[in-house]
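A closer look at the structure
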Amino acid sequence: MSGALTGRCLCGAVRFSLAAPPLAARACWCRTCQYLSSGNASVGAIFRRTDLTLTGETAEFTSAADSGTPVRRRFCPRCGTPLFAEAPNAPDLLLVRAGALDDPELARPESTIWTGSAPAWGLIDPGLPRCEGQPS
Ligand SMILES: [Zn+2]
Ligand SMILES: [Zn+2]
């Protein structure tokens, strides 16, 4: 794992770096993630929140996840790139959207969740553990 631990939004107004590699990564097919990723699963890498250094302003939108948890989602107010998600039941953790990482190889998913919400045409890696809904 030698890639740079940096990332940015599409327009470059928001840039960030992370002090340590991700703890985990997963693909999520929940309905909310389908909104964020144009109909596909979203891939998120989980970091410690204290490892984030951020420059630029983010906008945010909080809504209930399919699990019922209120999730705070942060994005670039200029170009709309989804960047981060945070939830009160995991206050030490920060989910970073894989597409915003300069090296998306860092975010190879280890599992797929919310597969029960995926459309019939959804491509789900058969080699990964999967969960129909929210993993416990
Ligand atoms: Zn932007
Ligand atoms: Zn999701």
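What counts, and at which threshold
Residues numbered from 1 in each chain as written. Chains lettered and ligands numbered in written order. Predicted model: local features only at pLDDT ≥ 70, side-chain atom pairs only at ≥ 80, totals over all residues. Heavy atoms only, no water. Donors = N, O, S within 2.8 Å, 3.2 Å for Na, K, Ca; no water. Buried < 20%, exposed > 50% of the residue type's maximum accessible area, 1.4 Å probe, protein only. Pairing = 2+ DSSP bridges. Helix = DSSP H or I, 4+ residues; strand = E, 2+ residues; numbered from the N terminus. Tetrahedral: all angles 85-135°; square planar, octahedral: opposite > 155°, others 65-115°. Axes fitted to C-alpha atoms, helices over the stretch in contact; angles between N-to-C directions. Lys, Arg positive; Asp, Glu negative; His and termini not counted. Salt bridge = Lys/Arg side-chain N within 4 Å of Asp/Glu carboxyl O. Contact = heavy atoms within 4.5 Å.

Considering the coordination of the zinc ion (ligand 2)
The coordination sphere of the zinc ion (ligand 2), as far as protein atoms go, consists of Cys-28 (SG), Cys-30 (SG) and Cys-33 (SG), spread over 2.1 to 2.3 Å. Sequence spacing of the donor residues for the zinc ion (ligand 2), all on one chain, is C-x1-C-x2-C. By relative accessible area, which is 10% here, Cys-28 ends up buried. With relative accessibility at 8%, the residue Cys-33 sits in the buried group.

Describing the sheet that holds strand 7 (residues 70-75)
Spatially, the eight strands line up as an open sheet ordered 6-7-8-9-4-3-10-11, and their pairing is mixed. Two strands close off the open sheet at either side, each with one partner strand: strand 6 (59-64) and strand 11 (130-131). As paired elements, strand 10 (residues 112-113) and strand 11 share two bridges and run parallel to each other. Bridge assignment links Ile-113 to a residue of strand 11, and that residue is Cys-131.

With respect to the coordination of the zinc ion (ligand 1)
The protein atoms donating to the zinc ion (ligand 1) are Cys-9 (SG), Cys-11 (SG), Cys-76 (SG) and Cys-79 (SG), with metal-donor distances spanning 2.3 to 2.4 Å. What the four donor atoms of the zinc ion (ligand 1) show is an angle range of 106 to 113° at the metal, which sorts the shape as tetrahedral. One chain supplies every donor for the zinc ion (ligand 1), spaced along it as C-x1-C-x64-C-x2-C. On the criterion of sequence distance, the pair formed by Cys-9 in the loop between strand 1 (6-8) and strand 2 (15-18) and Cys-76 in the loop between strand 7 and strand 8 (82-86) is long-range, its members being 67 residues apart. The class of Cys-76 is buried, set by a relative accessible area of 1%.

Considering the sheet that holds strand 1
Spatially, 1-2-5 is the arrangement adopted by the three strands of the open sheet, whose pairing is antiparallel. Each edge of the open sheet is held by one strand with a lone partner, namely strand 1 and strand 5 (52-55). Averaged over all pairs of adjacent strands, the angle between strand axes in this sheet comes to 15°, irrespective of strand direction. Bridge analysis of strand 1 against strand 2 gives three bridges, and the strand direction is antiparallel. Directly across from Thr-6, in strand 2, lies its bridge partner Ser-17.

Here we look at the side chain of Asp-51
Along the chain, the position of Asp-51 falls in the loop between strand 4 (42-48) and strand 5. Buried charge without a partner: Asp-51 forms no salt bridge, and the closest opposite charge is Arg-48, 5.1 Å away. Leaving out residues up to four positions away in the same chain, Asp-51 has contacts with Ser-17, Leu-18, Ala-19 and Ala-20.

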